[in-house]
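Listed below, chain by chain, are the residues.
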Amino acid sequence: MSIKSEVEVVDQAAVKRALTRITYEIIERNKGIDDLILVGIKTRGIYLARRIAERMKQLENVEIPVGELDISLYRDDVHSSEGNNDPTINGSDIPVSIEGKQVILVDDVLFTGRTIRAALDALMDIGRPRKISVAVLVDRGHRELPIRADFVGKNIPTSLEEQIKVGVAELDGEDHVLIQKIN
């Protein structure tokens with residue numbers, strides 16, 4: 001697999017606007033932020049969840065707990081070319097109980113739905129929230145499972161010959177969303 005071309009479709013300012021819009025929608029649909037916990041799916045979802053929590057603090061003057069979820073053990077679509085299917089485990093860290101709480105799962109891209117399914121399984125092993133919602137920066141389509149996002153920053157339809165690459169400043173030096181054509 002090689003990359004033929006790469007085009008930036010969302011720049012830093014648009015990423016910030018999308019996260020702000022998601023933040024407002026979460027507050028509005030939940031009629032506030034009581035019993036709310038943001039859980040970022042490793043890796044980029046964690047940084048996006050932290051930014052949403054930071055924006056909520058600016059708007060509502062309340063600190064929202066942010067957790068980190070590692071779904072490595074729950075994935076059904078990770079295969080190794082060497083025959084070793086053991087996932088790398090990075091650990092989850094959710095600082096408060098999710099029992100009876102409103103959990104917002106945050107990820108960078110929603111594609112087949114398998115990552116969200118794995119995250120739901122991982123969350124249910126940790127506790128039983130009152131409600132789970134999904135927030136993603138990019139929904140690119142091509143679902144294989146009946147999963148949808150409740151909060152979407154950008155809908156970017158793609159072909160199966162394309163990949164979406166999200167960059168976050170904390171890891172990649174800048175915020176952006178790229179479409180990469182692959183062959």
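Rules used throughout
- Residues numbered from 1 in each chain as written.
- Predicted model: local features only at pLDDT ≥ 70, side-chain atom pairs only at ≥ 80, totals over all residues.
- Heavy atoms only, no water.
- Pairing = 2+ DSSP bridges.
- Helix = DSSP H or I, 4+ residues; strand = E, 2+ residues; numbered from the N terminus.
- Axes fitted to C-alpha atoms, helices over the stretch in contact; angles between N-to-C directions.
- UniProt positions renumbered as here; feature names shortened; annotations may be inferred.
- Core = buried A, V, L, I, M, F, W, Y, C linked by side-chain atoms within 4.5 Å.
- Buried < 20%, exposed > 50% of the residue type's maximum accessible area, 1.4 Å probe, protein only.
- Contact = heavy atoms within 4.5 Å.
- Phe/Tyr/Trp six-rings, centres within 6.5 Å; stacked < 30°, edge-to-face > 60°.
- Lys NZ or Arg CZ within 6 Å of the ring centre and 35° of its normal.
- 1 Å grid on protein atoms, 1.4 Å probe; cavity = no way out; pocket = protein on both sides within 12 Å on 5 of 7 lines; lining within 4 Å.
- Points joined across faces, edges and corners; volume = space filled by probe spheres on them.
- Nonpolar A, V, L, I, M, F, W, Y, C, P; charged D, E, K, R; others polar.

Draft legend 1. Representation of the sheet that holds strand E7 (residues 162-167) within the structure. Spatially, E1-E8-E7 is the arrangement adopted by the 3 strands of the open sheet, whose pairing is antiparallel. At either margin of the open sheet sits one strand with a lone partner, and together these are strand E1 (3-10) and E7. Between one strand and the next, the sheet's axes are offset by a mean angle of 25°, whatever the strand orientation. Note that E7 and strand E8 (residues 176-182) share 6 bridges and pair antiparallel. The partner of lysine 165 across the bridge, within E8, is leucine 178.

Draft legend 2. Structural view of the UniProt feature "short sequence motif: PRPP-binding" (unreviewed entry) in the protein. In this numbering, the UniProt entry assigns the feature "short sequence motif: PRPP-binding" (unreviewed entry) to residues 103-115. Between the first and last C-alpha atoms of residues 103-115 the distance is 16 Å; the span itself is 15% helix and 62% strand.

Draft legend 3. Structural detail: the nonpolar core. Core analysis: the largest hydrophobic core is formed by 31 residues, its most contacted members being Leu38, Met56, Leu137 and Val177. Put simply, the parts of the chain that give this core at least two residues each are helix H1 (12-29), strand E2 (36-41), helix H2 (44-60), strand E4 (102-110), strand E5 (131-139), E7 and E8. At 7 residues, the largest contribution of residues to this core is made by H1. Apart from residues no more than four positions distant in its own chain, methionine 56 is found in contact with Thr23, Ile26, Ile27, Ile33, Leu36, Leu38, Asn61, Val62 and Ile64. Judged by nonpolar contacts, the second largest core, of 20 residues, contains Ile94, Leu105, Leu110 and Ile116.

Draft legend 4. Fine view of the packing of aromatic side chains. Scanning the model with the defined rule gives 0 aromatic pairs in all. A cation over an aromatic ring shows up here: arginine 140 above the ring of phenylalanine 111, its NZ or CZ 3.9 Å from the ring centre.

Draft legend 5. Representation of the layout of surface pockets. Roughly 670 Å³ of volume is contained in the largest pocket. Along its surface, the largest pocket is lined by 22 residues, and Arg75, Asp107, Asp108, Val109 and Thr115 are the ones closest to its centre. For the lining of the largest pocket, the elements supplying multiple residues, two or more each, are E4, helix H3 (114-126) and E7. Tallied by class, residues from the lining of the largest pocket come to 8 nonpolar, 5 polar and 9 charged. In this structure, the second largest pocket occupies an estimated 240 Å³ of space. Lining of the second largest pocket is provided by Gln12, Lys16, Leu19, Thr20, Thr23, Arg51, Ile52, Glu54, Arg55, Gln58 and Asp175. Only H1 and H2 provide two or more residues apiece to the lining of the second largest pocket. For the lining of the second largest pocket, the per-class residue count stands at 2 nonpolar, 4 polar and 5 charged.

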